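A closer look at the structure
So the chains spell out like this:
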Amino acid sequence: MSIHLQETRRRRTFAIVSHPDAGKTTLTEKLLLFGGAIQMAGSVKGRKAARHATSDWMALEKERGISVTSSVMQFPYEGKIVNLLDTPGHADFSEDTYRVLTAVDSALMVIDCAKGVEERTIKLMEVCRLRDTPIMTFVNKLDREGRSPIELLDEVESVLGIACAPVTWPIGMGKRLKGVYHLVLDEVHVFEPGKNFTRQDSTIFKGLDAPGLLEKIGDEAMRELRDELELVQGAAPSFDMDEYLAGRQTPVFFGSAVNNFGVQLLLDFFVEHAPSPRPRGTLSREVQPEEEKLSGFVFKIQANMDPAHRDRVAFMRVCSGTYTAGMKMIQTRTGKDIRIANALTFMASDREIVETAYPGDVIGLHNHGTITIGDTFTEGESINFTGIPNFAPELFRRARLRDPLKMKALQKGLAQLSEEGATQFFRPLMSNDLILGAVGVLQFDVVAYRLKDEYNVDASFEPVTVTTARWVHCDDEKKMAEFREKNAMNLAIDGAGELVYIAPTRVNLQLAQERWPQVRFANTREHA
Ligand code: G4P
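Report on the accompanying structure. (Residues numbered from 1 in each chain as written. Predicted model: local features only at pLDDT ≥ 70, side-chain atom pairs only at ≥ 80, totals over all residues. Heavy atoms only, no water.)

Let's shift gears to a nonpolar patch on the surface. A cluster of nonpolar side chains, L429, M430 and M489, forms an exposed patch at the surface whose accessible area comes to about 330 Å². Summarising the element assignment, M430 is placed in the loop between β25 (423-428) and β26 (435-438). Overall, the relative accessible area of 55% leaves M430 in the exposed class. (Patch = residues over 30% accessible without salt bridge, like charges linked within 9 Å, V, L, I, M, F, W, Y side chains within 5 Å. Areas by Shrake-Rupley, 256 points an atom, 1.4 Å probe, with all protein chains shown as cover. Salt bridge = Lys/Arg side-chain N within 4 Å of Asp/Glu carboxyl O. Helix = DSSP H or I, 4+ residues; strand = E, 2+ residues; numbered from the N terminus. Buried < 20%, exposed > 50% of the residue type's maximum accessible area, 1.4 Å probe, protein only.)

Printed below as a string of structure tokens:
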């Protein structure tokens, strides 16, 4: 087997989807711990704090209890290479999350055992289901009193429409938590707070009749477990690889992330069964990860990751071939050649220069405003990956400067922050206004905060009479010039230099569309 094929097959690229507070950060930390990517528990939180120290903008994140920035974490485990793509949890940043989900091969859903299926989880699962993303489930916080496990599985099945195949089963809950039973391995793992970090450090009984088990967990727990298992094994399907890969069945694990209990059982199962990189659709054909030539797409852009460097990084998911430092790639949208010598990889918290990357990996490309979300890179073939959603803004505000001399810095900041995709920036043809469009209202606060923090610009956002925006195109140049002249009042240039119709009302837009049938009004900027 070629190195490329071997490396591709051992990649596991996934994201965690959950409602805020279910335990995503805690679980991430434990997973990294097993991968040896971090040395001790608490580092992810520590990492948060360290970033907070270097960039005050994180203070906003902390204040609001949300995680705005995503990152990519790679770690080796049991001969596999795991790529965990972090997703921001807050609803206003959902476009970012959706795009991250286009770059993974599977997902892990975390549910709080007391709260069950919550609203954000439902939304995120909808996105996963659109692409039939295989999903594993971790029911967390077993050390607290929660709902009955059978009830929880019923809820997942009825609310999310996916069959549950329990792989582990809890023995008690809250104060009565004794352990979990692994249905596939036929093992009981005893819950002992402070222990359980690895198999070696755990008390494991092979089979329900193993000597000593009854004494360890007691009569009552044993009876309860046998009753529940009888019920579950009769009613729930057992794990079926094909059903899982088709996104119709989710293997379910129970545990407590903060106690690191049940986490290794999940990770072991995950690296064994989660899919390696899967084929990806383009406008013209499906790209197989086994193909030798490099291809990939940009699913995320982040400005000023490191305020000391003022950089912007485009995150590219490798879909086929091998990336090697210094190789030439073509940006298919523009046809331009670029040579990439200094792509980044993200090993836990530190950025390092990456020498090679394989399908499933994510590399960070330094970006000076020429790369946009959805861009495809190849070694020459003119293809475009599809399915990277681009959301039309629904809210518009005018930027208002406290110090008029800062106009240039404001423009630059708005343009650069808009490249990240969460906001869009418009300059009307007939005025000096700077208008920002966003999908969620929190984004205006974030942009105002970051303008101050990263660009030293004091700006606020005020209402403006724009209801919706449409990117306008016309094949007939003369008609376009006429349209432009007649509608200059309602036209603007976006951050990428494209012409946009900014409609004061929906009726106005409709009239314009009727009057100018030759002009196409697109509700997203077209990815060429
Ligand atoms: P999130 O990223 O999904 O938002 O959740 P996060 O991991 O931050 O966890 C949310 C809260 O739930 C945290 O408490 C965390 O310690 C707690 N938690 C996570 N896993 C478990 C678990 O297995 N059992 C119990 N009992 N709690 C768990 P916090 O009070 O918000 O933060 P902290 O002060 O404890 O760090």
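Right, picking up where we left off after that structure.
Every one of the 15 residues lining the ligand counts as a neighbour, but D21, T25, T26, D143 and S256 are closest to it. In the model, an oxygen atom of the ligand is placed 3.3 Å from a nitrogen or oxygen of the V258 main chain. Considering the ligand on its own, with 710 Å² of exposed area, one finds that the protein chains cover 67% of that surface. Element by element, the count of residues in the shell around the ligand is highest for helix α2 (residues 24-34), at 3 residues. Tallied by class, residues from the shell around the ligand come to 4 nonpolar, 5 polar and 6 charged. (Near = heavy atom within 4 Å. Polar contact = N/O pair within 3.5 Å; in protein donor to acceptor, adjacent residues only side chain to side chain. Nonpolar A, V, L, I, M, F, W, Y, C, P; charged D, E, K, R; others polar.)

Positionally, D494 belongs in strand β29 (residues 491-494). The class of D494 is buried, set by a relative accessible area of 1%. Of note is the side chain of D494, whose polar atom sits 2.8 Å from the backbone nitrogen of E498.

In helix packing, the relevant descriptors are the interaxial angle and the interaxial distance, both defined with respect to the helix axes. At a closest axis distance of 10 Å, the pairing of α2 and helix α11 (residues 263-273) adopts a crossing angle of 65°. In terms of their interaxial angle, α2 and α11 are classed as roughly perpendicular. Here α2 and α11 pass one another in a crossing that is right-handed. Contact with α2, carried on its side by L27, K30, L31 and F34, involves V263, Q264, L266 and L267 of α11 and no other residues of that element. Taken together, the residues of the contact of α2 with α11 sort by class into 6 nonpolar, 1 polar and 1 charged. (Axes fitted to C-alpha atoms, helices over the stretch in contact; angles between N-to-C directions. Parallel < 35°, antiparallel > 145°, perpendicular 65-115°, else oblique. Left-handed = near helix turned anticlockwise from the far one by under 90°. Contact = heavy atoms within 4.5 Å.)

Here we take up the pairing of strand β15 (residues 312-320). Burial analysis of β15 places 9 of its 9 residues in the buried class, the great majority of the element. Where strand β14 (residues 295-303) meets β15, 8 bridges bridge the pair, whose relative direction is antiparallel. Paired with F297 across the strands is R317, a residue of β15. Pairing between β15 and strand β22 (residues 362-366): 5 bridges, direction antiparallel. The residue of β22 that forms the bridge with R317 is V362. (Pairing = 2+ DSSP bridges.)

Everything listed here is a matter of geometry and, on its own, says nothing about what the molecule does.
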